[in-house]
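Inside the fold
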Amino acid sequence: MPFTRITLLRGKPPEYLKALSDSFHRALVEAFEVPPADRFQSIHQLEPHELIFDRTYFASKPRSDDYVFFDVTIGKPRSTEVKKAFYRRVAELLADAPGVRAEDTMITITTATREDWSFADGRAQMIEQV
Amino acid sequence: MPFTRITLLRGKPPEYLKALSDSFHRALVEAFEVPPADRFQSIHQLEPHELIFDRTYFASKPRSDDYVFFDVTIGKPRSTEVKKAFYRRVAELLADAPGVRAEDTMITITTATREDWSFADGRAQMIEQV
Amino acid sequence: MPFTRITLLRGKPPEYLKALSDSFHRALVEAFEVPPADRFQSIHQLEPHELIFDRTYFASKPRSDDYVFFDVTIGKPRSTEVKKAFYRRVAELLADAPGVRAEDTMITITTATREDWSFADGRAQMIEQV
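Residues numbered from 1 in each chain as written. Chains lettered and ligands numbered in written order. Predicted model: local features only at pLDDT ≥ 70, side-chain atom pairs only at ≥ 80, totals over all residues.

1. As for the overall build of chain A
Counting its secondary structure elements, chain A contains two helices and six strands. Going residue by residue from the N terminus, the α and β elements of chain A occur as β-α-β-β-β-α-β-β. Over its C-alpha trace chain A gives a radius of gyration of 15 Å, about what one expects of a compact globule, namely 14 Å for 130 residues. Seen along its three principal axes, the alpha-carbon backbone of chain A occupies a region of about 50 × 30 × 25 Å. When each of the 130 residues of chain A is scored for burial, the buried share is 48%. (Helix = DSSP H or I, 4+ residues; strand = E, 2+ residues; numbered from the N terminus. Rg over C-alpha atoms; globule rule 2.2 N^0.38 Å. Buried ≥ 20, exposed ≤ 12 C-beta atoms within 10 Å, placed from the backbone.)

2. Remarks on helix α2 (residues 80–96) of chain C
Here α2 of chain C contains 17 residues, and its C-alpha end-to-end distance of 25 Å stays within 8% of the 24 Å for a straight helix at 1.5 Å per residue. All of the buried residues along α2 of chain C are K83, F86, Y87, R89, V90, A91, L93 and L94 of chain C. Lining the buried residues of α2 of chain C we find β6 (117–118) of chain B together with α1 (14–32) and β5 (105–111) of chain C. (Expected span 1.5 Å × (residues − 1). Contact = placed C-beta atoms within 7 Å.)

3. Considerations on the interface of chain B and chain A
A common way to state how big an interface is: give the accessible area lost once the parts meet. Tallying the contact residues gives 32 residues for chain B and 27 residues for chain A. When contributions to the side of chain B that touches chain A are tallied by element, the ones reaching two or more residues are β2 (40–46), β3 (51–53), α2 (80–96) and β5 (105–111) of chain B. If you tally residues by element for the side of chain B that touches chain A, the top one is α2 of chain B, at eight residues. Per-class residue counts for the side of chain B that touches chain A are 15 nonpolar, nine polar and eight charged. One ladder, built from three bridges, connects strand β2 (residues 40–46) of chain A with β3 of chain B; its direction is antiparallel. Across the sheet, residue S42 of chain A finds its bridge partner in β3 of chain B, namely L51 of chain B. (Nonpolar A, V, L, I, M, F, W, Y, C, P; charged D, E, K, R; others polar. Pairing = 2+ DSSP bridges.)

4. What about the confidence of the model for chain A?
Any region with low pLDDT has predicted coordinates that should not be read closely. Scored by pLDDT, chain A comes out at a mean of 96, with 98% of its residues at no less than 70. In the predicted assembly, ipTM is 0.96 and pTM is 0.97. (pLDDT = per-residue confidence, 0-100.)

5. What about the sheet that holds strand β1 (residues 3–9) of chain A?
The strand order β3(B)-β2(A)-β1(A)-β4(A)-β5(A)-β6(C) describes an open sheet built from six strands, whose pairing is mixed. Edge strands, defined here as strands with exactly one partner in the open sheet, are β3 of chain B together with β6 (117–118) of chain C. Looking at chain direction, strand β4 (residues 68–74) of chain A and strand β5 (residues 105–111) of chain A are connected through seven bridges and run parallel. Residue pairing for β5 of chain A: V68 of chain A is matched across the bridge by T105 of chain A. Strand contacts of helix α1 (residues 14–32) of chain A: β1, β2 and β4 of chain A together with β3 of chain B, with the helix running at about 40 degrees to β4 of chain A, the strand carrying the most contacts. (Axes fitted to C-alpha atoms, helices over the stretch in contact; angles between N-to-C directions.)

6. With respect to the sheet that holds strand β4 (residues 68–74) of chain C
With mixed pairing, six strands are arranged side by side in an open sheet as β3(A)-β2(C)-β1(C)-β4(C)-β5(C)-β6(B). Both outer strands of the open sheet, β3 (51–53) of chain A together with β6 of chain B, are each paired with one neighbouring strand and no more.

7. Some thoughts on the interface of chain C and chain B
The interface of chain C with chain B comprises 32 residues on the first partner and 27 residues on the second. Sorting the residues of the side of chain C that touches chain B by element identifies β2 (40–46), β3 (51–53), α2 and β5 of chain C as the ones contributing at least two each. Here the element with the most residues in the side of chain C that touches chain B is α2 of chain C; it accounts for eight residues. Taken together, the residues of the side of chain C that touches chain B sort by class into 15 nonpolar, nine polar and eight charged.

8. Observations regarding the pairing of β1 of chain A
Residues and elements named next belong to chain A. By the criterion of burial, β1 is predominantly enclosed, with six of the seven residues buried. With six bridges joining them, β1 and β4 adopt antiparallel strand pairing. Counted as the bridge partner of T7 is F69 from β4. As paired strands, β1 and β2 are joined by six bridges and run parallel to one another. Note on β2: the bridge partner recorded for L9 is L46.

9. Comments concerning the packing of α1 of chain A against helix α2 (residues 80–96) of chain A
For any two helices packed against each other, the geometry comes down to the angle between their axes and how far apart the axes lie. Residues and elements named next belong to chain A. Their axes nearest at 9 Å, the elements α1 and α2 cross at an angle of 150 degrees. Comparing the axis directions of α1 and α2 gives the class roughly antiparallel. Relative to α2, the crossing made by α1 is right-handed. Residues L20, S23, F24, R26, A27, E30, A31 and F32 of α1 pack against V82, A85, F86, R89, V90, L93, L94 and D96 of α2. Tallied by class, the residues present in the contact of α1 with α2 amount to eleven nonpolar, one polar and four charged. (Parallel < 35°, antiparallel > 145°, perpendicular 65-115°, else oblique. Left-handed = near helix turned anticlockwise from the far one by under 90°.)

10. What to know about the nonpolar core
Ranked by size, the top nonpolar core spans 109 residues in total, and within it V90 of chain A, V90 of chain B together with V90 of chain C carry the most contacts. Excluding its chain neighbours within four sequence positions, the residues that come into contact with V90 of chain C are G122 of chain B together with F24, A27, T105 and I107 of chain C. (Core = buried A, V, L, I, M, F, W, Y, C linked by C-beta atoms within 7 Å.)

11. Side note on the pairing of β5 of chain A
Most of β5 of chain A is tucked away, with five of its seven residues classed as buried. The sheet contact formed by β5 of chain A and β6 of chain C spans two bridges and is antiparallel. When the sheet's bridge partners are listed, T108 of chain A is paired in β6 of chain C with W117 of chain C.

12. Focus: the environment of V100 of chain B
Residues and elements named next belong to chain B. Locating V100 in the fold gives a position in the loop between α2 and β5. For V100, a count of 23 C-beta atoms within 10 Å puts it in the buried group. Expressed as a C-alpha distance, the spacing of V100 and R88, which sit twelve residues apart in the sequence, is 13 Å. Setting aside chain neighbours within four positions, we find V100 in contact with D66, V68, L94, A95 and T105.

13. Quick notes on the relation of the copies chain B and chain A
Copies of the same chain, two in number, are related to each other by a rotation about an axis and a translation along it. Turning chain B through 120 degrees and shifting it by 0.0 Å along the axis lays it on chain A, with an RMSD of 0.0 Å. Expressed as an axis order, the relation between the two copies is that of a three-fold axis. (Least-squares fit on C-alpha atoms with pLDDT ≥ 70 in both.)

Dropping the structure here:
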């Protein structure tokens, strides 16, 4: 159900992008109990003049050119505590692979409702018998 | 009022993209009664390592490289039944042109409010006399 | 807290894009009282067949190829009056620099909640002591 847009500066190799994708999805599975197969993501690589981010706002250390923004739309509400655990887990897993520093990881969550998704076949799978 | 982001793998010719745009907009007009002139869309073509989608999750048949994701923001609420009719109509029209298989068509709807739109001129047209 | 996606036709020089970014952010600061350092934006430049916009719908004059769409996610609610003032200010500032005509400026606002943001460090800064 989640769809995640991942936005970062252009220039990382495909294996780096795959690790970003893998680690973020693993955090969704672990913290939000998303089914492992429920994986949908797009990666948007931008030139330096196309990605504007403050280097220090609400960051423990200055952000680097590895800054990455995850904009995830989820399909049902999660509690504040679960969201906080999710943020922590994203930062931990991305630090492991591909090695993004915690100050470079920014996330925002949008919550849709179950009827707002059609995965395929012209159906609203989350509210229909399948 | 709707703005739709259309995300798919790079490589389709412009006429294919135009048919995607036309068919999706026609479904908005038919199922959501959107004015025909109220048409705003962006198309984001990505490389294979930039678009991650599960091939089988909640799909009647495996998704192909024709997978296309429509992320539409609408300006007022629609009922569950109207949303379901919309999903069906999108799948039907895209099967006709450009010939996308139903299992490759994924949609999510975000609902904004009328005051959240400025179409032009620094005005909030949906809540002001024009 | 705001993250803004800016979508327009490809072909403008970097200094034009910088002026777009500067003016839009200044309107956020002035009308929404966003901290000046709270600046996060991505710019998506598209080919003509990738950006579809009606030339006349709810516009005082026909839109030109300078059409630009701002999709901003904010972190707390604003009143209707404040949103209207924001739209006006965006149009004014963009007319000044880089010189976008008011009919070419389209905006939509999405409102998230404070717990939906992690700026860095695996933390939810808007709801935690920092």
